[in-house]
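# Residue-level structural notes
One letter stands for each residue in the lines below.
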Amino acid sequence: MFNSLSDRLTATFKNLRGKGRLTEADIDATVREIRRALLDADVAVPVVRAFTAAVKERALGLEVSQALNPGQQIVKIVNEELVGILGGETRRIRLAKNPPTVIMLAGLQGAGKTTLAGKLSKWLKGQGHSPLLVACDLQRPNAVRQLQVNGERAGVPVYAPHPGVSSEFEAATGDPVAVARQGVAEARARLHDVVIVDTAGRLGVDAELMQQAADIRAAISPDEVLFVIDAMIGQDAVNTALAFNEGVDFTGVVLTKLDGDARGGAALSVASVTGKPVMFASTGEGLGDFELFHPDRMASRILDMGDILTLIEQAEQSWDKDEAARMAKKFADQEDFTLDDFLAQMQQIRNMGSMKKMLMMMPGAANMREQLENFDEREIDRVEAIVRSMTPHERLAPKIINGSRRARIARGSGVHVSEVNGLLERFTQAQKMMKKMASGGGIPGMPGMAG
Ligand code: GDP
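Reading the values: the criteria
Residues numbered from 1 in each chain as written. Predicted model: local features only at pLDDT ≥ 70, side-chain atom pairs only at ≥ 80, totals over all residues. Helix = DSSP H or I, 4+ residues; strand = E, 2+ residues; numbered from the N terminus. Buried ≥ 20, exposed ≤ 12 C-beta atoms within 10 Å, placed from the backbone. UniProt positions renumbered as here; feature names shortened; annotations may be inferred. Pairing = 2+ DSSP bridges. Contact = placed C-beta atoms within 7 Å. Axes fitted to C-alpha atoms, helices over the stretch in contact; angles between N-to-C directions. Near = placed C-beta within 6 Å. Nonpolar A, V, L, I, M, F, W, Y, C, P; charged D, E, K, R; others polar.

## Here's the deal with the environment of Ala344
With respect to the helices, strands and loops of the structure, Ala344 is situated in helix α15 (residues 339-351). Residue classification places Ala344 among the partly exposed positions, given that 18 C-beta atoms sit within 10 Å.

Right, dumping it as structure tokens:
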């Protein structure tokens with residue numbers, strides 16, 4: 001998502017490159033392009049208007065800078081304004097002084113609430129909390145069961161009205177307000193420090209749904225009410241968000257389905273029109289496809305400045321600690337980075353999940369999006385096959401791999417010699433990068449992968 005917005009904005013800024021001074025006409029043209037790009041990305045009109053007015057005003061008032069050229073100054077302004085409309089600072093969950101912290105989820109049917117309940121509980125568990133899930137969506141057939149499945153996958157218990165009884169029966173008899181109240185009491189009794197209450201949605205905003213959500217809110221006095229919204233619904237997002245803001249007075253927003261080809265306007269509008277921050281982003285159907293939303297990092301991603309911090313965090317979460325310690329020691333001892341290390345790191349990268357998703361967070365990704373789209377994850381398999389066809393001595397001392405050895409390795413791994421050459425070249429680059437980082441104290445473990 002945000003791909004086309006990102007492409008459009010970076011293309012606009014490219015036109016400013018090399019200009020020593022910006023005339024008013026340059027600024028007008030740039031602001032016009034930004035306006036079109038935002039509108040095409042489905043950002044709500046009032047948000048676009050305020051955004052472009054702020055950019056224009058600041059651009060006209062620019063002083064000559066020693067450090068940045070005018071194009072860079074504009075990028076900086078747009079970046080700051082983007083961070084602003086995304087909600088400013090990263091907003092974390094406010095934990096209750098007296099546990100349990102009560103988190104209520106609200107939103108339309110299909111927004112991704114039940115999925116989010118599983119993701120959020122898993123994430124909280126990973127942070128050392130002991131969450132309890134409460135199933136109050138007694139409307140949608142099977143919602144209770146779906147929450148139970150998500151709970152099982154996350155390793156988090158689920159409080160449901162009638163466990164094991166068919167959902168039709170629950171829908172007919174359950175009172176969601178009572179279930180919510182009992183669920184929170186149950187969490188307190190069983191010493192869970194966080195309780196996540198999943199509620200029912202409807203296909204559209206209606207009075208009965210809103211009343212039910214408001215009644216649940218009143219019954220359990222949640223510390224956080226998260227409004228869950230599907231980023232794919234485009235312009236409708238704003239009206240839905242306004243209705244829920246009025247109806248349940250939510251405290252934060254969760255954007256789901258950011259992995260789809262949504263144009264991203266919802267993300268850029270909802271926080272701005274409701275004044276409530278985006279707190280989490282959901283990026284897939286898996287329980288791990290979920291992240292804390294950082295407005296500054298998202299803005300950097302949109303402006304193709306990369307999102308190195310998220311990359312590092314994801315790396316830390318999936319990194320094999322022993323392997324990382326081994327690499328750190330190698331650094332400290334200034335040992336050589338070998339092909340075996342290269343292979344071990346490839347495997348680490350594979351553990352981090354989709355290679356593509358990761359590479360998309362690198363600065364400059366917008367320029368190589370097409371190559372990335374075509375990136376074949378099986379590339380890692382080929383790399384593995386090639387390295388495995390080398391002798392232990394060759395892996396330790398790649399310099400000895402001459403023409404005939406290359407041909408043998410290619411035959412052994414079923415690839416063309418050019419692929420062996422390519423791999424060795426990339427390895428040499430990675431080795432150089434490792435040396436540089438070892439002396440500069442950078443992050444260990446990011447070999448220079450090419451597509
Ligand atoms: P609810 O009605 O609000 O509880 O919505 P669900 O949690 O049942 O989600 C509706 C559908 O959207 C399900 O098929 C989910 O697998 C899917 N879904 C939820 N979150 C995401 C996401 O971030 N990305 C994608 N691609 N699908 C999602």
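Having seen the structure, we can now continue with the description.
## Here we look at the UniProt feature "domain: SRP54-type proteins GTP-binding" (unreviewed entry) in the protein
Here the UniProt feature "domain: SRP54-type proteins GTP-binding" (unreviewed entry) sits at residues 277-290. Between the C-alpha atoms that bound residues 277-290 there is a distance of 17 Å. The span itself is 0% helix and 43% strand.

## Quick word on the sheet that holds strand β8 (residues 290-292)
Strand pairing in a sheet relies on backbone hydrogen bonds. The paired strands run either parallel or antiparallel. Pairing is mixed in the open sheet, where eight strands are placed in the order β3-β2-β4-β1-β5-β6-β7-β8. Each edge of the open sheet is held by one strand with a lone partner, namely β3 (158-159) and β8. Bridge count for strand β1 (residues 101-106) against strand β5 (residues 224-230) is four bridges, and the pairing is parallel. The residue bridging Ala106 from the neighbouring strand is Phe227, located in β5. Here helix α6 (residues 143-154) sits on the sheet and contacts β2 (131-136), β3 and β4 (194-199); the angle it forms with β2, its principal contact strand, is near 165°. Sitting on the sheet, helix α11 (residues 265-274) is in contact with β5, β6 (252-256) and β7 (278-282), with an inclination near 175° to β6.

## Comments concerning the site of the ligand
By nearness alone, 19 residues border the ligand, and Gly112, Lys113, Thr114, Thr115 and Ser282 come closest of all. Examining the composition of the shell around the ligand, we find that three residues originate from one element, helix α5 (residues 113-126), more than from any other. Grouping the constituent residues of the shell around the ligand by class yields one nonpolar, 13 polar and five charged.

## Structural notes on unusual backbone geometry
With an omega of 5°, the peptide bond running from Pro99 to Pro100 counts as cis. With respect to the secondary-structure elements, Pro100 resides in the loop between α4 (70-85) and β1. With a phi close to 75°, Asp42 is a non-glycine residue in the positive phi region. Looking at the secondary structure, you find Asp42 in the loop between α2 (24-40) and α3 (45-60). Positive phi is not limited to glycine here, since Asp249 has a value of about 50°. Looking at the element boundaries, Asp249 is found in the loop between α10 (236-248) and β6.

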